[in-house]
Amino acid sequence: MSAAPGVDASPLYRRRVFRSTNPQEARAVHGRWIADHELRIGQGKVDASLCALPLRSVRMLLIRYGPEAEILSPAFEDFSLIQIPLSGSADIVCDGQALSLGSGQSALLSPRHALRVRWSPGSEQLLLRVPHGLLRATASDTGLGPDAASGAPPWPAPLAVIDRVDGARWRPIVQSLIALGPSTEGARGAHPAWERHCETGLALFLLTLASEQAGADLAAPCGHGGVLKAAGRYIQANLASPIALGDVAQAAGVSERTLHTHVTRAFGVRPMAWLRLQRLDAARAQLRRGDAHSIAEVALRCGFGHLGRFSAYYQRRFGELPRDTSLALSAARACIV
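Below is a summary of the structure that appears in this document. These numbers come from a predicted model, not from an experiment.

Looking now at the packing of aromatic side chains. In this description, a pair of aromatic rings is defined by centroid distance and the angle of the planes. Under the counting rule described, the total for this entry stands at seven aromatic pairs. Summarising the aromatic geometry, the rings of Phe304 and Phe310 are spaced 5.0 Å apart at their centres and angled 45 degrees between planes, so their arrangement reads as tilted. According to the relative accessible area criterion, Phe310 is buried, its value standing at 0%. Aromatic ring contacts, followed pair by pair, group Phe304, Phe310, Tyr313, Tyr314 and Phe318 into a single cluster.

As C-alpha cells, then:
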C-alpha cells in the first residue's frame, strides 16, 4: 500500500468492492462508479481493483490496474473529478490542456469536450467524484460563486491544479473525507450531519479555489495560453541544448517571474521541472519509436548529459527504466516478425 505525502488512505483499502485480472470487466465496473469511458491497458499482468466509499454526495474511489493504463472519456455529465496519484504518476490532457501529476499532487478535471489520462505502471489513484449539484447548492447557501439559478458552470476551467500553496488546507479536507468510512469491519461510519459538514467543506474549498484562479491576474503580451505555447515551442526546438530559465522566458516574451506564475498555475510544477518533464516525454516517445541506436543517444538528444540521472528521473516519472521501454519495443517487433 502506498500513500501520497500527508494522506493516510488505509481506511479505503478495507473497502474493496472489486478485483479482477480482466481489463474489460474492470472498465465496466469502474465506469459504473465514475462514467463510461474507453480503456487501453499496456503490457504486463493486470491486477485491477476498486475500493469505494460512497458518501452523501461525493464518491471516493481508490483504483489501480497494474500495467500502464490510458483512459479516454467524453465530457462529464454534471460532475467534476479530483485526481490524486497515491503512487506513480498521471499524465492528463483535458480539452487541449496538458498536466503531469506526481505522487501527492492533485488536480480538478471538468472536461467540456474530452479527457485523456495515462497512469504509469503500478500506480494507484485516489479519485473524488464531486457532483456539480453539491457545488451549486453550497454556492447558493454561501454566496460564493454561481448559484443554481444562474445556469453558470460551478467550475470555470476544464483543468485546475490544486498546488502546494493550497496543500496545508487541502490535505486535511481529503483526510477528513477518508475518515468518514468505518474504521473497522462492521463498524458504523460517521454521523450524517458530520458527513454533510465535511462535504460542504470540500465544496467551499473548491469554490474558493475557483474564485481565486478566475480572479488571478495573468495578463501577458500574448495571453496565458500563448505564453505557454511559445515557451513549449522553444523547449521542443532546443531539447538537446542547455536551456536556462531566462532563455525560456525571453522566447515567451515575459519575465522569469511571470513565466514561473504561468507554469506553476497551469502544471503545478516550477518551470525547470516542467522543462525536465518535457524532455522525459520526448525521450520516452523516441524510445517507443526506436529512433536511436542506444539509450545514451536518446538521453543526449533530449538534453540529459548524465545517464544515471536520466534513468532515475525516467523511472520516477514512468515507473520503469529506459531499458524496459526499449525492451518492450524489441519484444513487440519480434512478435510482428
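What follows concerns the sheet that holds strand E8 (residues 97-101). In a beta sheet, neighbouring strands pair by backbone hydrogen bonds and run either parallel or antiparallel. Here we have five strands laid out as an open sheet, ordered E2-E5-E10-E7-E8, and antiparallel in their pairing. The open sheet terminates on both sides in strands that have one partner only, identified here as strand E2 (38-41) and E8. The sheet shows a mean angle of 15 degrees between the axes of neighbouring strands, direction not considered.

Let's shift gears to helix H11 (residues 307-318). With 12 residues, H11 ought to run about 16 Å at 1.5 Å a step, and its terminal C-alpha atoms sit 16 Å apart, in line with that. Among the residues making up H11, those that are buried are Phe310, Ser311, Tyr314, Arg317 and Phe318. Buried residues of H11 fall within an arc of 135 degrees about the axis and therefore sit on the same side. Those residues of H11 that are exposed and angled more than 90 degrees off the buried face are Arg309 and Arg316. Gly319, located one to two residues past H11, shows a positive phi value of around 75 degrees.

This brings us to the side chain of Arg129. Its place among the elements puts Arg129 in strand E11 (residues 124-131). It is Glu77 that comes nearest to the buried, bridge-free Arg129 among opposite-charge side chains, at 7.2 Å. Separated by 3.0 Å, the side chain of Arg129 and the backbone oxygen of Ile34 make a polar contact. Sequence-distant contacts of Arg129, defined by excluding residues within four places in its chain, comprise Trp33, Ile34, Ser57, Val58, Arg59, Phe79, Ser80 and Leu81.

Working note: a packed helix pair is described by the angle between its axes plus the distance between those axes. Two elements in contact, helix H9 (residues 271-289) and H11, have axes whose closest approach is 10 Å; the angle formed by their N-to-C orientations is 90 degrees. If you check the angle between H9 and H11, you find them roughly perpendicular. Contacts between H9 and H11 involve Arg276, Leu277, Leu280, Asp281, Ala283, Arg284 and Leu287 on the former and, on the latter, Phe310, Tyr313, Tyr314, Arg317 and Phe318. Here the contact of H9 with H11 is built from residues that sort into eight nonpolar, no polar and four charged.

Core analysis: the largest hydrophobic core is formed by 60 residues, its most contacted members being Ile63, Tyr65, Ile92, Leu99, Trp119, Leu259 and Phe267. At seven residues, the largest contribution of residues to this core is made by H9. In contact with Trp119, not counting residues within four places along its chain, are Ile63, Tyr65, Glu68, Ala69, Ile71, Gln83, Ser89, Ala90, Gln125 and Leu127. Counting residues in hydrophobic clusters, the runner-up holds 37 residues, among them Leu62, Ala139, Trp155 and Val174.

This paragraph deals with the pattern of salt bridges. Applying the stated criterion across every chain, the model contains 15 salt bridges. One salt bridge connects Arg40 with Glu70, and the closest N-O pair in it is separated by 3.3 Å. Note that Arg40 is positioned in strand E2 and Glu70 in strand E5 (residues 69-74), a separation of 30 residues in sequence. A salt bridge links Glu320 to Arg284; the nearest nitrogen and oxygen atoms lie 3.1 Å apart. Here Arg284 lies in helix H9 and Glu320 lies in the loop between H11 and helix H12 (322-336), a separation of 36 residues in the sequence. On the basis of relative accessibility, which here comes to 18%, the residue Glu320 falls in the buried class. Residues participating in the shared-partner salt-bridge network are Arg19, Asp47, Arg64 and Glu124.

Definitions and limits used
- Residues numbered from 1 in each chain as written.
- Predicted model: local features only at pLDDT ≥ 70, side-chain atom pairs only at ≥ 80, totals over all residues.
- Heavy atoms only, no water.
- Phe/Tyr/Trp six-rings, centres within 6.5 Å; stacked < 30°, edge-to-face > 60°.
- Buried < 20%, exposed > 50% of the residue type's maximum accessible area, 1.4 Å probe, protein only.
- Pairing = 2+ DSSP bridges.
- Helix = DSSP H or I, 4+ residues; strand = E, 2+ residues; numbered from the N terminus.
- Axes fitted to C-alpha atoms, helices over the stretch in contact; angles between N-to-C directions.
- Expected span 1.5 Å × (residues − 1).
- Arc of directions from axis to C-beta.
- Lys, Arg positive; Asp, Glu negative; His and termini not counted.
- Salt bridge = Lys/Arg side-chain N within 4 Å of Asp/Glu carboxyl O.
- Polar contact = N/O pair within 3.5 Å; in protein donor to acceptor, adjacent residues only side chain to side chain.
- Contact = heavy atoms within 4.5 Å.
- Parallel < 35°, antiparallel > 145°, perpendicular 65-115°, else oblique.
- Nonpolar A, V, L, I, M, F, W, Y, C, P; charged D, E, K, R; others polar.
- Core = buried A, V, L, I, M, F, W, Y, C linked by side-chain atoms within 4.5 Å.

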